[in-house]
Every structure is written in structure tokens, then in C-alpha cells.
Amino acid sequence: MKKMFLAALFLSAALAMNAQSRPGTFSLAPKVGVSIAKITKQDIYYGGGHSMKPKFRADFMAGLEGEYQCSNELSLTLGAYYAALGYRTGNTEILQSQTEERAVYSAYQGAYTRLDYVLVPVMLNMYVVKDFAVKAGLQAGFLVNAKSEVKVSDVTYEKSTGVGVYGEPLTLKNSSIEGYHQFDLSIPFGLSYEYMNVVLDARYNLGLLKVSTTSSAKNSFFTFSVAYKFNL
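Parameters and conventions
- Residues numbered from 1 in each chain as written.
- Predicted model: local features only at pLDDT ≥ 70, side-chain atom pairs only at ≥ 80, totals over all residues.
- Heavy atoms only, no water.
- Pairing = 2+ DSSP bridges.
- Helix = DSSP H or I, 4+ residues; strand = E, 2+ residues; numbered from the N terminus.
- Buried < 20%, exposed > 50% of the residue type's maximum accessible area, 1.4 Å probe, protein only.
- 1 Å grid on protein atoms, 1.4 Å probe; cavity = no way out; pocket = protein on both sides within 12 Å on 5 of 7 lines; lining within 4 Å.
- Points joined across faces, edges and corners; volume = space filled by probe spheres on them.
- Nonpolar A, V, L, I, M, F, W, Y, C, P; charged D, E, K, R; others polar.
- Core = buried A, V, L, I, M, F, W, Y, C linked by side-chain atoms within 4.5 Å.
- Contact = heavy atoms within 4.5 Å.
- pLDDT = per-residue confidence, 0-100.
- Phe/Tyr/Trp six-rings, centres within 6.5 Å; stacked < 30°, edge-to-face > 60°.
- Salt bridge = Lys/Arg side-chain N within 4 Å of Asp/Glu carboxyl O.

What exactly am I supposed to notice about the pairing of strand β1 (residues 26-40) here?
Consecutive side chains of a regular strand alternate in pointing toward one face of the sheet and then the other. Note that β1 and strand β4 (residues 57-69) share 12 bridges and pair antiparallel. The residue of β4 that forms the bridge with valine 32 is alanine 62. Strand direction decides the pairing type here: β1 and strand β14 (residues 230-231), joined by two bridges, are antiparallel. Across the sheet, residue leucine 28 finds its bridge partner in β14, namely phenylalanine 230. Here β1 pairs with strand β13 (residues 218-228) via 10 bridges, running antiparallel. In the strand pairing of β13, valine 32 is matched with valine 226.

Here it is in C-alpha cells:
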């Protein structure tokens, strides 16, 4: 009898931990994860009018989210996250000069731009089945830091052999937010699943505003996070 009682108690506790929050309750969930970001509607230009498409770059995100359970099917969340966004470009070489014997190029390697934002999303969550939600909302972003870096070196190719000799690379850096808009607005939407108070969340964020004052580029990024929900 004692063993049956303990087993029932353990099962009840497990079910309670796995239960979706009850209507009218609040919860807080610290979360960590990764961001995978790039910019859209803008090519990156180098010397001589050479351009490249921006690519996705991965970094981190972390923050806190509060949730109010309106009903069994609907909840509202308000969050605050620190997320490293931006983009990268592939390596490229641009012809600078040439003779009959050799050609000299400028080689650009490891180019990236990191844009750090504090993101504040307001989300409506619809639980289509127990513990599984689809979500959408509106998200404000506040730029707090910007950093760009690229390594540039001269490379000389002998036309007779096709062998290139690289010079000493020079690292060019920029850590100013000048030229960037400090406010951003995006539409996040995605999915989440909760089990034993652990919440797995995946979102795509569609930027609505221009990132910089000199281009039409907009943020485009995914976030994947894991959180632990504390019911209040």
C-alpha cells in the first residue's frame, strides 16, 4: 500500500510539472539560445564596384520572458532579450593590377558585421494542442553595439604557374554605431513546445525598418532557445 501511495504521489507530481499553466496565472522563463541572422535587400560592396550577397552568421541570445495564461488556448508574453545579429560575407579577391607575367589582387577574408540589440517582443500564443503553441507578435529592437571586421591582404599570382603569394594581412575594424538606426521593428512568429516546465522555442523575425541610414537593408533572423518556466 505504501509503495502504491508513493507511486501515485510521484505520478501526480510529474503530471503537475508537465501541465500547461492554468488560465489566469503568470510565469517567468529565463532563456538562452542562438541567433542566425543576416540582412536583406542590400549587397555588400568592395573596391572597384565588386559586390557580394550577405550570408547568415550565428551568435548568441539570452533574456527573460513573462507569460500570462489568458485561457487554455491563448496566452500573452512579454520578453526582453539581448541578441547578437548582423551578417557575414564570403571570401573574395578583387583584381588591382596586372602585367603579362603576374596579377595582383586584394583578398578580403573573414568579413562580418555584428549588430547587438535589446529585443522586446510582445507575442500572442495559441495552444493548438496541449503544450504546443504557434505564436506571432510585434518586436521592438534597440541597437546597443555595432562591430565590423575584415582581413585584407595583397595576393600576387604568377600567370605561368597560377601560384599565389599572399602578403601580410591587415585587419580593418569599426566599432561605431554611427550610420545605423538605433531603433528597429520586426514581426516574430514561430512555434514552441513545453515539457516538464522546459520550453523549446523557434522563431523567425522579419525586419520592417531599415538597419542603416545609407541603405535599404533590413534585419532577417532566426532564434532558437531553451527556457525554464517558473509558475508564479
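Right, picking up where we left off after that structure.
Just checking my understanding: could you explain the environment of serine 51 for this structure?
Of note, serine 51 is situated in strand β3 (residues 51-52). Taking relative accessible area as the criterion, serine 51 reaches 31% and is therefore assigned partly exposed. For the pair serine 51 and threonine 89, spaced 38 residues apart in the sequence, the C-alpha separation amounts to 10.0 Å.

Explain empty space enclosed by the protein here, please?
Gaps left between atoms are located by rolling a probe of water-molecule size over the structure's atoms. Evaluated as defined, the whole model comprises two cavities of 30 Å³ or more. Size it by volume and the largest cavity reaches roughly 140 Å³. A per-class count over the lining of the largest cavity returns five nonpolar, five polar and seven charged. Within this model, the second largest cavity holds a volume of roughly 80 Å³.

Can you help me understand the nonpolar core in this one?
When a protein is soluble and globular, its nonpolar side chains tend to lie buried together. In terms of nonpolar packing, the biggest core is built from 17 residues, with Ile39, Leu85, Leu115, Tyr117, Leu119, Tyr180 and Val211 touching the most fellow members. By residue number, the principal contributor to this core is strand β5 (residues 74-88), which donates four residues. If sequence neighbours within four positions are ignored, tyrosine 180 has contacts with Thr113, Leu115, Leu143, Ala146, Ser148, Val211 and Ser212. Ile94, Tyr108, Ala111 and Val150 belong to the second largest nonpolar core, which has five residues in total.

Hey, could you run me through unusual backbone geometry in this one?
Outside of glycine, negative phi angles account for most residues, and trans bonds account for most peptide bonds. Phi at aspartate 131 is positive, roughly 75°, even though this residue is not glycine. Relative to the assigned elements, aspartate 131 resides in the loop between β7 (102-129) and β8 (132-158).

I would appreciate a short explanation of the confidence of the model for the protein chain in the present structure.
Per-residue pLDDT for the protein chain has a mean of 88; in total, 89% of the residues score no lower than 70. In this model residues 1-19 is a low-confidence stretch, pLDDT under 50, and it forms 12 contacts with partners more than four residues away in sequence or in other chains.

Is there a simple way to explain the packing of aromatic side chains in this structure?
By convention here, two paired aromatic rings are described through the distance between centres and the angle between planes. The final tally for this structure, using the stated rule, is nine aromatic pairs. Residues tyrosine 204 and phenylalanine 222 carry aromatic rings whose centres are separated by 4.9 Å and whose planes lie at 50° to one another, so their mutual orientation is tilted. Of this pair, tyrosine 204 sits in strand β12 (residues 198-210) while phenylalanine 222 sits in strand β13, and the two are 18 residues apart along the sequence. Here phenylalanine 222 falls in the partly exposed class, since its relative accessible area comes to 30%. Connected via pairs of aromatic rings, a cluster forms that spans Phe56, Phe189, Tyr204, Phe222 and Phe224.

Explain the layout of surface pockets to me, please; I cannot follow it from the model alone.
In this structure, the largest pocket encloses a volume near 340 Å³. Forming the boundary of the largest pocket are 18 residues, of which Tyr87, Thr113, Ser148, Tyr180 and Ser212 lie nearest the centre. Split by residue class, the lining of the largest pocket holds eight nonpolar, eight polar and two charged.

Help me understand the pattern of salt bridges, please; the structure alone is not making it clear to me.
Evaluated as defined, the whole model comprises 11 salt bridges. Ionic pairing is found between glutamate 194 and lysine 229, a salt bridge with its closest N-O pair at 2.9 Å. Of the two residues, glutamate 194 sits in strand β11 (residues 183-195) while lysine 229 sits in the loop between β13 and β14, which places them 35 residues apart along the sequence. For lysine 229, a relative accessible area of 3% gives the class buried. Linked by salt bridges that have partners in common, Lys31, Glu65, Lys135, Asp201 and Arg203 make up one network.

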